[in-house]
Amino acid sequence: MYKLVAIDLDGTMLNNYGVVTENTQNTIKKIIAQGTEIIIASGRPIDSIKTIAKEIGSEKYFIAGNGAIIYDIEKDEIIYKKNMTKQKVLEVIKICEENSISYNVYTDKTILATALKHNVLYYHKENLKKEDNKKTNISIVKNMYEYVKNMKEENFLKITICDENKIVFNSIIKKLKKISDIEILEVSHMSRKMIKQGTEDVPIEYYYTEISLADVDKWNAIEFLIKKLGIKQEEVIAIGDNINDKKMIENAGLGIAMKGSTTVVTDVANDIAPANYEDGVARILQKYYNGINF
């Protein structure tokens, strides 16, 4: 029997509009009621995950910043963290600024951005539909280097790099790889999200990568958590769609990729779920928990 399910958010549990459907919420709540731990494992910061965890009835733990943090919901505290140092963050910012490429700095409390573009624009559009206490905290900063330099020590989770031009994007990745002690996700495909502009669906498309401290990933965080909970590796299900989900999908007892995932992920998965816009998480969980009346 599976005792823990770790589920990614964007492109996985959330549909293309950033929503957890009622079917997915109800499915997860019924599985939790049967004694299985279901946790969110996302690249988002803490406050952006808290609201969604509450929606699905996940009340104990979640993983933030692609494995940089494990958050104890009941105790309202971080129980595990592997943060980037301020110096490493500044090194990345310097290269991005010198090459005029879009980037965001994620702390445990907020997303620091120089403009509402790419993934931050998507989160901003999500916020317009949410109550104030449920919004993802976004701070627009004019001079990012000086702002971060003068910050008191923060939990720096990761940095995202975004650009619409693949040639420009690949060029900046080569330069960033010269920085020591950081992990750069090898994301090769374009991210596609949908936002509403009036009555129209407008796509947001961009190439991106995520930078964190070396050896930070979702599976390392899951390993810490299952050891704490006394759960075996083979008793874990992991569900995701992107390169930052690869290690948890290939190491879990049952690794599931979403339809349309990058091939790097589908190649190591045990099963493929329907797409996120087809209620894929609900449908795949119903398949493996078929003894529950959904």
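Provided above is the structure to which this section pertains.
These figures come from a predicted structure and were not determined experimentally.

Caption draft 1: Structural context of the overall build of the protein chain. For the protein chain, the count of helices and strands is 11 helices and 15 strands. For 294 residues, the compact-globule formula gives about 19 Å, and the C-alpha radius of gyration of the protein chain, at 18 Å, lands near that figure. When its C-alpha atoms are laid out on the principal axes, the protein chain stretches across 55 × 45 × 40 Å. Across the 294 residues that make up the protein chain, the buried fraction comes to 54%. Long-range pairs, those at least 24 residues apart, make up 63% of the contacts in the protein chain between residues at least 6 apart in sequence. Summed over all atoms, the accessible surface of the protein chain reaches about 13,400 Å², with 45% contributed by carbon and sulfur. Between the mean site of the 41 positive side-chain charges and the mean site of the 42 negative ones, the protein chain shows a separation of 2 Å.

Caption draft 2: Fine view of the nonpolar core. Grouped together as the largest cluster of nonpolar side chains are 43 residues, with contacts concentrated most on Val5, Ile7, Met13, Ile40, Phe62, Ile239 and Leu285. The leading source of residues in this core is helix H3 (residues 46–56), at five residues. Judged by nonpolar contacts, the second largest core, of 27 residues, contains Tyr103, Val141, Tyr207 and Ile211.

Caption draft 3: Local environment of the sheet that holds strand E4 (residues 69–72). Taken in spatial order, the three strands make up an open sheet running E3-E4-E5, and their pairing is antiparallel. With partners counted over all chains shown, the strands left at the sheet margins are strand E3 (61–64) and strand E5 (77–81), one partner each. Between one strand axis and the next, the sheet turns through 25 degrees on average, direction left out of account. As paired elements, E4 and E5 share four bridges and run antiparallel to each other. Bridged to Ile70 within E5 is Tyr80. Running over the sheet, H3 touches E3, E4 and E5 and is turned about 145 degrees from E3.

Caption draft 4: Structural detail: the packing of aromatic side chains. Across all of its chains, the model carries five aromatic pairs by this definition. Relative to Tyr123, the ring of Tyr122 has its centre 6.1 Å away and its plane inclined at 50 degrees; by these criteria the two rings are tilted. Ring geometry for Tyr206 and Tyr208: centres 6.1 Å apart, planes at 70 degrees, overall edge-to-face. Of the two residues, Tyr206 and Tyr208, both sit in the buried class. Positioned above the aromatic ring of Tyr106, the side-chain terminus of Lys158 is 4.5 Å from the ring centre.

Caption draft 5: Quick look at the sheet that holds strand E15 (residues 271–273). Taken in spatial order, the five strands of this open sheet run E2-E1-E13-E14-E15, and their pairing is parallel. Edge positions in the sheet fall to strand E2 (37–40) and E15, since each of these pairs with one other strand and no more. Adjacent strand axes in the sheet meet at a mean angle of 20 degrees, parallel and antiparallel pairs treated alike. Bridge analysis of strand E14 (residues 254–258) against E15 gives three bridges, and the strand direction is parallel.

Caption draft 6: Quick look at helix H7 (residues 166–176). All buried positions along H7 are accounted for by Phe169, Ile172, Ile173 and Leu176. Angularly, the buried residues of H7 cover 105 degrees about the axis, an arc narrow enough to put them on a single face. Facing away from the buried side of H7, by more than 90 degrees, are the exposed residues Ile167 and Lys174. Where the residues of H7 are buried, they touch helix H4 (86–98), strand E9 (156–163), strand E10 (182–184) and strand E12 (200–213). With a side-chain oxygen positioned 2.9 Å from the backbone nitrogen of Ile167, the residue opening H7 is Asn165.

Reading guide: rules and limits
- Along each chain, numbering runs from 1 in the same order as the chain's sequence is written.
- Given that this is a predicted model, residues contribute local features only at a pLDDT of at least 70 and side-chain atom pairs are listed and counted only at 80 or more, while totals for whole chains, interfaces and linings are drawn from all residues.
- Side-chain calculation: all heavy atoms of the structure are included, whereas hydrogens and water are not.
- Secondary structure is summarised from DSSP: a helix means a run of H or I of at least four residues, a strand means a run of E of at least two, and numbering begins at the N terminus for each.
- Here the radius of gyration uses the C-alpha set of atoms, whereas the globule reference equals 2.2 Å times the residue count to the power 0.38.
- To sort residues, take the accessible area from a 1.4 Å probe on protein chains only and compare it with the maximum for the residue type: under 20% means buried, over 50% means exposed, and anything in between is partly exposed.
- Contacts are assigned to residue pairs with any non-hydrogen atoms lying within 4.5 Å of each other.
- Only the protein chains shown count as cover for residues, with accessible areas throughout obtained via the Shrake-Rupley method and a probe of 1.4 Å.
- For the charge count, each Lys or Arg is scored as positive and each Asp or Glu as negative, with His and the chain ends excluded.
- Working definition for charges: the position is that of NZ of Lys, CZ of Arg, CG of Asp or CD of Glu.
- In these notes, a set of buried Ala, Val, Leu, Ile, Met, Phe, Trp, Tyr and Cys residues joined through side-chain atoms within 4.5 Å is what counts as a nonpolar core.
- One requirement defines pairing of two strands: DSSP has to find at least two bridges between them.
- To define axes, lines are fitted to C-alpha atoms, for helices over the stretch in contact only, and angles between the resulting N-to-C directions are given on a 0 to 180 degree scale.
- Two rings from Phe, Tyr or Trp (for Trp, the six-membered ring) form a pair when their centres sit within 6.5 Å of each other. Planes less than 30 degrees apart are called stacked, planes more than 60 degrees apart edge-to-face, and all others tilted.
- To sit over a ring, a charge needs its Lys NZ or Arg CZ within 6 Å of the ring centre and within 35 degrees of the ring normal.
- Directions drawn from the helix axis to the C-beta atoms are what define this arc.
- Two N or O atoms count as a polar contact when they lie within 3.5 Å, although within protein this holds only if one can serve as hydrogen donor and the other as acceptor, and sequence-adjacent residues are included solely when both atoms are side-chain atoms.

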